[in-house]
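Now for the letters of each chain:
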Amino acid sequence: MGEPVSERGPGNRMKAASLFVAVLLAASVATAVPAQEKARAMPRIVEKDGRYALLVDDAPYLMLGAQVHNSSSWPAMLPKVWPAMEYLNVNTMEMPVYWEQMEPRQGQFDYTLVDTLLKQAREHRLRLVLLWFGTWKNGSQHYMPEWMKLDTARYPHMVDKNGRAVDSPSPFAQASLEADKAAFTAFMRHLKTADPQRTVIMVQVENESGTWGSQRDYSPAAQRLYEAPVPAEVLSAMGVKEATPSVSWQEAFGAEAEVCFHAWAVAKYVGQVAAAGKAVYPLPLYANAALRDPLKPGAPGSYESGGPTDNVLSIWKAEAPALDVLAPDIYQNDPAAYLKVLELYRRSDNPLFVPETGGAAGNARFFFSALGLGAIGFSPFGMDYTRSRSAAEAATPREDALAPWAMNYRLIGPMQREIARLNFEGKLKAVAEEQGKLSQTLAFGAWNAVVSYGASANRRPTGNAQPVGRALVAQLSDNQFLVTGFFSRVDFAPSDAEKHRQFLRVEEGTWENGAFKFLRIWNGDETDWGLNFGGEPLLLRVSLATY
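Residues numbered from 1 in each chain as written. Predicted model: local features only at pLDDT ≥ 70, side-chain atom pairs only at ≥ 80, totals over all residues. Heavy atoms only, no water.

1. Digging into the overall build of the chain
Then, number 1: From N to C terminus, the chain includes 16 helices and 23 strands.
Then, number 2: Dimensions of the chain, computed from C-alpha atoms along their principal axes, come out at roughly 90 × 90 × 55 Å.
Then, number 3: When each of the 547 residues of the chain is scored for burial, the buried share is 51%.
Then, number 4: Sequence separation of at least 24 residues holds for 74% of the intrachain contacts in the chain that already meet a minimum separation of 6.
Then, number 5: When the accessible area of the chain is evaluated, it comes to approximately 24,300 Å², of which 53% is carbon and sulfur surface.
Then, number 6: For the chain, the distance from the average site of its 54 positive side-chain charges to the average site of its 59 negative ones is 4 Å. (Helix = DSSP H or I, 4+ residues; strand = E, 2+ residues; numbered from the N terminus. Buried < 20%, exposed > 50% of the residue type's maximum accessible area, 1.4 Å probe, protein only. Contact = heavy atoms within 4.5 Å. Areas by Shrake-Rupley, 256 points an atom, 1.4 Å probe, with all protein chains shown as cover. Lys, Arg positive; Asp, Glu negative; His and termini not counted. Charge placed at Lys NZ, Arg CZ, Asp CG, Glu CD.)

2. Describing the environment of R125
Then, number 1: With respect to the helices and strands, R125 occurs in the loop between α4 (112–123) and β6 (127–137).
Then, number 2: In sequence terms R125 and N91 are 34 residues apart; their C-alpha atoms lie 7.9 Å from each other.

3. Observations concerning the sheet that holds strand β16 (residues 447–452)
Then, number 1: On the basis of which strands lie adjacent, the open sheet formed by four strands has the order β15-β16-β19-β22 and antiparallel pairing. Two strands bound the open sheet, and with one partner strand each, they are β15 (439–444) and β22 (531–533). On average, each strand axis in the sheet is tilted by 25° relative to the strand beside it, whichever way the strands run.
Then, number 2: Across six bridges, the pairing between β16 and strand β19 (residues 488–494) is antiparallel. Note that in β19 the partner of N448 across the bridge is A493. (Pairing = 2+ DSSP bridges. Axes fitted to C-alpha atoms, helices over the stretch in contact; angles between N-to-C directions.)

4. Points about the pairing of strand β8 (residues 165–169)
Then, number 1: By the bridge criterion, two bridges tie strand β7 (residues 157–159) to β8 in an arrangement that is antiparallel. Note on β8: the bridge partner recorded for V159 is A165.
Then, number 2: Taking the residues between adjacent antiparallel strands as the criterion, β7 and β8 are bridged by five residues, where G163 takes a positive phi near 80°.

5. Quick notes on the sheet that holds strand β10 (residues 285–290)
Then, number 1: Ordered in space as β4-β5-β6-β9-β10-β11-β12-β13, the eight strands form a closed barrel in which the pairing is parallel. Geometrically, the sheet is characterised by an average inter-axis angle of 30° between neighbouring strands, direction not taken into account.
Then, number 2: Summarising the sheet, strand β12 (residues 353–357) and strand β13 (residues 377–380) pair through three bridges and their orientation is parallel. The partner of F353 across the bridge, within β13, is G377.
Then, number 3: With respect to the sheet, α4 is in contact with β5 (92–98), β6 and β9 (200–207), its orientation differing from that of β5 by roughly 170°.

6. What about empty space enclosed by the protein?
Then, number 1: Counted according to the given criterion, the structure contains one cavity of 30 Å³ or more.
Then, number 2: Size it by volume and the largest cavity reaches roughly 70 Å³.
Then, number 3: Y52, A375, I376, A420 and N423 are the residues nearest the centre of the largest cavity, which is lined by 14 residues in total.
Then, number 4: Counting residues per element, the lining of the largest cavity draws most heavily on helix α16 (residues 416–424), at four residues. (1 Å grid on protein atoms, 1.4 Å probe; cavity = no way out; pocket = protein on both sides within 12 Å on 5 of 7 lines; lining within 4 Å. Points joined across faces, edges and corners; volume = space filled by probe spheres on them.)

7. Some details on the pairing of strand β18 (residues 480–486)
For a regular strand, the rule is simple: side chains alternate between the two faces of the sheet.
Then, number 1: Among the seven residues that make up β18, six are buried, leaving the element largely enclosed by the rest of the structure.
Then, number 2: Taken together, the seven bridges between strand β17 (residues 470–477) and β18 define a ladder with antiparallel strand orientation. The residue bridging Q475 from the neighbouring strand is F481, located in β18.
Then, number 3: Hairpin connection between β17 and β18: a loop of two residues separates the two successive antiparallel strands.
Then, number 4: As paired elements, β18 and strand β23 (residues 539–546) share five bridges and run antiparallel to each other. Counterpart to T484 in the pairing with β23 is L539.

8. Considering the side chain of Q204
Then, number 1: Mapped onto the secondary structure, Q204 falls in strand β9.
Then, number 2: A distance of 2.9 Å separates the side chain of Q204 from the side chain of Y286, its partner in a polar contact. (Polar contact = N/O pair within 3.5 Å; in protein donor to acceptor, adjacent residues only side chain to side chain.)

9. Details of the environment of W522
Then, number 1: Residue position: W522 is located in strand β21 (residues 515–522).
Then, number 2: Along the chain, W522 and Q108 lie 414 residues apart, while their C-alpha atoms are 64 Å from each other.
Then, number 3: In this view, W522 contacts V506, E508, T527, L531, N532, L538 and L540; residues no more than four positions away in its chain are not counted.

10. With respect to the layout of surface pockets
Then, number 1: Considering only enclosed or pocket space, the largest pocket measures out at about 630 Å³ in volume.
Then, number 2: Going through the elements one at a time, α4 and α16 are the ones with two or more residues in the lining of the largest pocket.
Then, number 3: For the lining of the largest pocket, the per-class residue count stands at eight nonpolar, eight polar and eight charged.
Then, number 4: What the second largest pocket holds in volume is close to 520 Å³.
Then, number 5: Along the walls of the second largest pocket sit 27 residues, with R346, S369, G372, L373 and G374 positioned nearest its centre.
Then, number 6: Put simply, the parts of the chain that give the lining of the second largest pocket at least two residues each are β2 (51–56), α12 (335–345), α13 (366–372), α16, β14 (428–432) and β15. (Nonpolar A, V, L, I, M, F, W, Y, C, P; charged D, E, K, R; others polar.)

11. Section: the packing of aromatic side chains
Then, number 1: Scanning the model with the defined rule gives 26 aromatic pairs in all.
Then, number 2: For the ring pair W147 and Y155, a centre distance of 5.9 Å and an interplane angle of 75° mean the geometry is edge-to-face.
Then, number 3: Its relative accessible area of 17% is what places W147 among the buried residues.
Then, number 4: Take Y155: its relative accessible area is 4%, and that puts it in the buried class.
Then, number 5: Taken together, the ring pairs connect F172, Y226, W249, F253, F261 and W264 into an aromatic cluster. (Phe/Tyr/Trp six-rings, centres within 6.5 Å; stacked < 30°, edge-to-face > 60°.)

12. Let's talk about the pattern of salt bridges
Then, number 1: All chains considered together, the criterion is met by 26 salt bridges.
Then, number 2: Residue K437 is joined to E434 by a salt bridge in which the shortest nitrogen-to-oxygen separation is 3.7 Å.
Then, number 3: On the accessibility criterion, E434 (24% relative accessible area) is partly exposed.
Then, number 4: Among the ionic contacts, a cluster of salt bridges with common partners joins E418, R421, E425 and K427. (Salt bridge = Lys/Arg side-chain N within 4 Å of Asp/Glu carboxyl O.)

13. Notes on unusual backbone geometry
Then, number 1: The phi torsion at R198 lies on the positive side, around 60°, for a residue other than glycine.
Then, number 2: For R198, the position within the fold is in the loop between α6 (174–194) and β9.
Then, number 3: Notably, E206 is not glycine yet its phi reads approximately 65°, a positive angle.
Then, number 4: As for its position among the elements, E206 is in strand β9.

Okay, here's the thing in structure tokens:
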């Protein structure tokens with residue numbers, strides 16, 4: 001047996017120090033490996049057979065969202081936000097992140113607001129979609145930092161036809177682009193390190209990019225590009241065949257030439273910002289659109305120019321491939337217009353996602369219409385208690401404004417994962433009541449689900465006094481369906497007109513811990529005239545046969 005190792009003397013002290021360092025390194029590796037093994041999967045959007053799903057924790061996720069008011073992300077406002085989210089029963093919050101707050105001095109970044117949102121969202125067991133209020137917010141540069149606003153020579157505004165500055169940033173300002181890329185990249189890099197839990201599942205790049213009051217930038221730099229040939233990728237995306245080797249914007253697009261040019265410029269700018277951020281942290285990214293009227297669009301100049309409106313979606317797809325989704329902000333109160341928007345933004349190359357909606361309380365029913373078109377998420381706007389209320393509003397409970405949206409989420413929330421999975425697999429259909437349309441038919445192969453409104457007992461449907469009905473039907477197997485809704489009746493009929501429907505079993509239940517939990521069997525008066533849904537959450541599992 002050798003002599004014991006002495007702790008005295010420089011040589012032995014160096015050996016002991018080396019041994020200590022080695023032990024520390026081994027311990028850090030031992031703790032790092034489990035952390036890597038437990039790392040949550042990156043949220044992502046996937047496509048199959050023309051249908052899309054947002055995967056969160058590697059499983060389809062239906063975003064039951066709510067967006068707060070523009071100035072509600074500040075920490076002092078959050079106590080007025082969380083109670084509204086709890087009442088709504090959301091699973092995801094859309095919260096702005098302000099460039100002016102995050103980079104008060106060039107190159108110096110303050111992440112305290114982002115970190116507060118992450119911490120408090122986790123405490124409330126909610127996911128986040130963060131909205132980057134950068135170069136554009138509602139067509140203007142109002143969220144740029146002060147050091148940019150005060151240097152309009154370096155970070156210029158657009159110029160209109162008369163040479164006057166417009167309250168909108170120029171998409172050809174290279175310094176503005178580089179500053180936004182740097183800031184957005186810093187923000188995304190911070191999320192990568194600060195959010196291993198994947199609390200943030202998606203990020204919006206800018207907000208309603210584009211311009212009001214001018215169809216495009218008329219600065220000398222912009223004019224030179226407008227007079228140059230249309231880029232080949234734009235012609236290809238818009239399906240324009242070149243009549244000449246160097247087709248102009250006017251030749252290619254006629255009355256919409258300036259709108260298309262501005263869409264190309266803005267999309268190219270936003271696309272570069274998105275690509276820079278995605279390169280460091282590849283979360284799903286999207287851009288939102290202030291819409292034109294989908295039924296009566298109006299002349300160019302009557303709507304925000306440059307953003308991803310329905311007439312230039314293909315230009316945005318070509319110039320901003322780092323964006324996973326182009327999403328409509330829907331405030332139309334005309335039901336036909338609302339439904340048309342959903343149809344226009346549900347494309348084979350674009351998932352349907354509604355990041356902002358509002359307007360009349362009856363619009364809440366279109367959540368079901370969106371689901372019927374395969375939406376991956378839905379989010380009404382202004383869902384918090386930070387705003388002052390008018391005298392008329394103060395006379396009613398503050399929850400009244402949220403109630404039409406909350407009833408949807410209370411119904412779907414417990415089974416949102418199952419709804420997202422069934423939708424991705426093409427087994428779900430959902431509809432909302434339309435004025436004057438008393439019934440709607442949903443085809444499921446051998447079965448048709450017939451949804452009607454305003455029916456009672458054995459009476460024929462007459463429609464609800466206000467069109468608030470909605471229904472959802474999902475096929476669990478050939479002859480079994482999950483059925484739910486509000487203010488509607490659902491019945492089934494065989495596709496074969498020679499056969500008759502019979503209910504084998506109608507079970508009322510709830511969805512708990514990922515499975516249907518049986519409560520009771522319906523029969524007699526509850527099923528004789530169809531399955532009736534009122535204003536309370538109700539879930540049925542229906543087994544059918546024919547005779």
